[in-house]
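Residue-level structure breakdown
What follows is each chain in one-letter form.
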Amino acid sequence: MALITPSRRDILKLAAVAPAMALPAAAKAQLGAPSDENPGYFRFTLGEARLTILSDGYFSAPTSGVGVNADPADVQAFLTRHFLDPQAGYSHTNHLLIESGEAVVLVDVGSGHRFFDTAGRLLANMEAAGIDPADITHVVITHAHPDHIWGIRDDFDEALFPDAEYIMGTAEHAYWMQDDLVNLVGPTDQQFVLGAVNSINCDGVEWTLAEDGHEVVPGVRLIATPGHTAGHMSVMLDSDGKQLIALGDSMSHSWLSFRRPDWYNGFDADGDQTVATRKRLLDMCSADRIAVLGYHFPFPGVGHVLREGDQFSFVPALWQF
């Protein structure tokens, strides 16, 4: 199976012109850009765990890759009805940092300055939040797409968190590291493969390859959520009877993934499996009242899953001080 569909080619084209990009016109018509930067971190607690959501920025991509198994007119109508730009999607990048006991666990490392000019803010926002990169004890990679792993190394190609344990799903690692994958895909796909392989092979990183249920630290474990990629993992936090799942890209949209979970995207490797995984997560999180973090949900991306008959909705968490 080729890794990148035409919608992914559109993403790569946009990455090349990202420095010249601004917010989509429809978004500007709703809310203007701030005169100064907004805070890029959000703190809260879950049981005994201290959590921080760190922004790596955002990027925009054509909506032609959204809901590819649905009538395009229905997709456009859905986006318009929900005050979303029907032409250019918006994806924030929300990283979970877990402080539990002596452990400091970071979920995904963003894209650095290797993908979009509007991303690569993770380290700056860590500094603003008073978090020392040297304190990171564990780094979990949900999957090896650019916006989740390309930020693993600095400008000298060395690991940003050299003292951390790096963890990735066994199946995810196996896919990207299979022999000669770069020559088994098309020319455009090769950029994604090379980026993933270079990131996985980063100097100073030794990988712990994990299966479903792997315990990162007490109270933090991985759950297999395949579909978006073959080896995609999400992160379950359980502290003092309270739970939260960092979804990665198993649910990539705070409206579509909930209201139309049967629609999948061109950048999902296995559409049918993506839908099955998403429905399982929706059922579980709504029934057990598990909080969720969506990597690409509007910042800070934390909330709950509300079930109303056969429909689901994302209920954002309330800001507190």
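Here's what I pulled together on the structure shown here. All figures in this text were calculated on a predicted structure; none of them were measured in a lab.

1. What to know about the environment of A210
One can find A210 in strand β7 (residues 207–210). The sequence separation of A210 and G169 amounts to 41 residues, and the corresponding C-alpha distance is 4.6 Å.

2. Some words on the sheet that holds strand β4 (residues 103–107)
Read across the open sheet, the 7 strands follow the order β1-β2-β3-β4-β5-β6-β7; overall the sheet is mixed. On the outer flanks of this sheet lie β1 (41–46) and β7, each paired with one strand and no other. Shown here is a sheet whose adjacent strand axes are inclined to one another by a mean of 25 degrees, direction ignored. Two strands pair when backbone bridges link them, and β4 and strand β5 (residues 138–141) are joined in this way by 3 bridges, in the parallel orientation. Bridge pairing in β5 places V107 opposite V140.

3. Some points on empty space enclosed by the protein
Under the definition given, this model contains 2 cavities of 30 Å³ or more. Taken as a whole, the largest cavity encloses approximately 50 Å³ of empty space. In terms of residue count, strand β3 (residues 88–100) provides more of the lining of the largest cavity than any other element does, 3 residues in total.

4. Let's talk about the sheet that holds strand β8 (residues 215–217)
Strand order in this open sheet of 7 strands is β8-β9-β10-β11-β12-β13-β14, and the pairing throughout is mixed. Across the chains shown, the open sheet's two edge strands, defined by having one partner strand only, are β8 and β14 (311–316). Averaged over all pairs of adjacent strands, the angle between their axes in this sheet comes to 30 degrees, without regard to strand direction. Against the sheet, helix α9 (residues 271–288) contacts β9 (220–224), β11 (242–246), β12 (291–293), β13 (302–308) and β14, and its axis sits at roughly 95 degrees relative to β13.

5. Focus on the environment of D262
Along the chain, D262 falls in the loop between α8 (256–259) and α9. Accessibility expressed as a relative area gives 30% for D262, which makes it partly exposed. On a C-alpha basis, the gap between D262 and N69 in space is 8.6 Å, while along the polypeptide they are 193 residues apart. With residues near it in sequence (within four places) discarded, D262 still touches N69, V275 and K279.

6. Focus on the pattern of salt bridges
This model, assessed by the stated rule, comprises 3 salt bridges. As a salt-bridge pair, D157 and R153 come within 3.0 Å of each other at their nearest N and O atoms. Owing to a relative accessible area of 14%, R153 belongs among the buried residues under this scheme. R260 is the salt-bridge partner of D262, the closest N and O atoms lying 3.0 Å from each other. Under the relative-accessibility criterion, R260 is labelled partly exposed at 31%.

7. Some remarks on α9
Across its 18 residues, α9 extends 26 Å between first and last C-alpha, which sits within 8% of the 26 Å expected from 1.5 Å per residue. Among all positions in α9, only G271, T274, V275, T277, R278, L281, L282, C285 and S286 are buried. Angular distribution of buried residues about the axis of α9 spans 165 degrees; they occupy a single face of the element. Every exposed residue of α9 that faces more than 90 degrees away from the buried side is listed here: D272 and A287. In this structure, the buried side of α9 is in contact with β9, β11, α8, β12, β13 and β14. Sitting at the amino-terminal end of α9 is D270, which places a side-chain oxygen 3.3 Å from the backbone nitrogen of D272. The positive-phi residue at the C-terminal boundary of α9 is R289, with phi of around 55 degrees.

8. Let's talk about the packing of aromatic side chains
Per the counting criterion, the structure on display carries 11 aromatic pairs. Between F42 and F44 the ring centres are 5.7 Å apart and the planes differ by 40 degrees, which places this aromatic pair in the tilted class. Judged by centre distance (5.7 Å) and plane angle (75 degrees), the rings of F115 and W150 are edge-to-face. A residue pair is termed long-range when its members are at least 10 positions apart, and F115 in the loop between β4 and α4 (122–128) and W150 in the loop between α5 (146–149) and β6 (165–169) qualify at 35 residues. Here F115 falls in the buried class, since its relative accessible area comes to 9%. Ring-pair connections join several aromatic residues into one group, and the members of that group are F59, F115, W150 and F192.

9. So, the nonpolar core
By size, the foremost hydrophobic cluster in this structure holds 34 residues, and its most contacted members are I136, I149, F161, Y166 and W207. Only β2 (49–62), β4, α4, β5, β6 and α7 (187–200) provide two or more residues apiece to this core. If you tally residues by element for this core, the top one is α7, at 3 residues. Ignoring sequence-local partners within four residues, the contact set of I136 consists of L97, V104, L106, M126, F161, D163 and A164. Among the nonpolar cores identified, the runner-up in size contains 26 residues, and I53, V216, V217 and V302 belong to it.

What counts, and at which threshold
- Residues numbered from 1 in each chain as written.
- Predicted model: local features only at pLDDT ≥ 70, side-chain atom pairs only at ≥ 80, totals over all residues.
- Heavy atoms only, no water.
- Helix = DSSP H or I, 4+ residues; strand = E, 2+ residues; numbered from the N terminus.
- Pairing = 2+ DSSP bridges.
- Axes fitted to C-alpha atoms, helices over the stretch in contact; angles between N-to-C directions.
- 1 Å grid on protein atoms, 1.4 Å probe; cavity = no way out; pocket = protein on both sides within 12 Å on 5 of 7 lines; lining within 4 Å.
- Points joined across faces, edges and corners; volume = space filled by probe spheres on them.
- Contact = heavy atoms within 4.5 Å.
- Buried < 20%, exposed > 50% of the residue type's maximum accessible area, 1.4 Å probe, protein only.
- Salt bridge = Lys/Arg side-chain N within 4 Å of Asp/Glu carboxyl O.
- Expected span 1.5 Å × (residues − 1).
- Arc of directions from axis to C-beta.
- Polar contact = N/O pair within 3.5 Å; in protein donor to acceptor, adjacent residues only side chain to side chain.
- Phe/Tyr/Trp six-rings, centres within 6.5 Å; stacked < 30°, edge-to-face > 60°.
- Core = buried A, V, L, I, M, F, W, Y, C linked by side-chain atoms within 4.5 Å.

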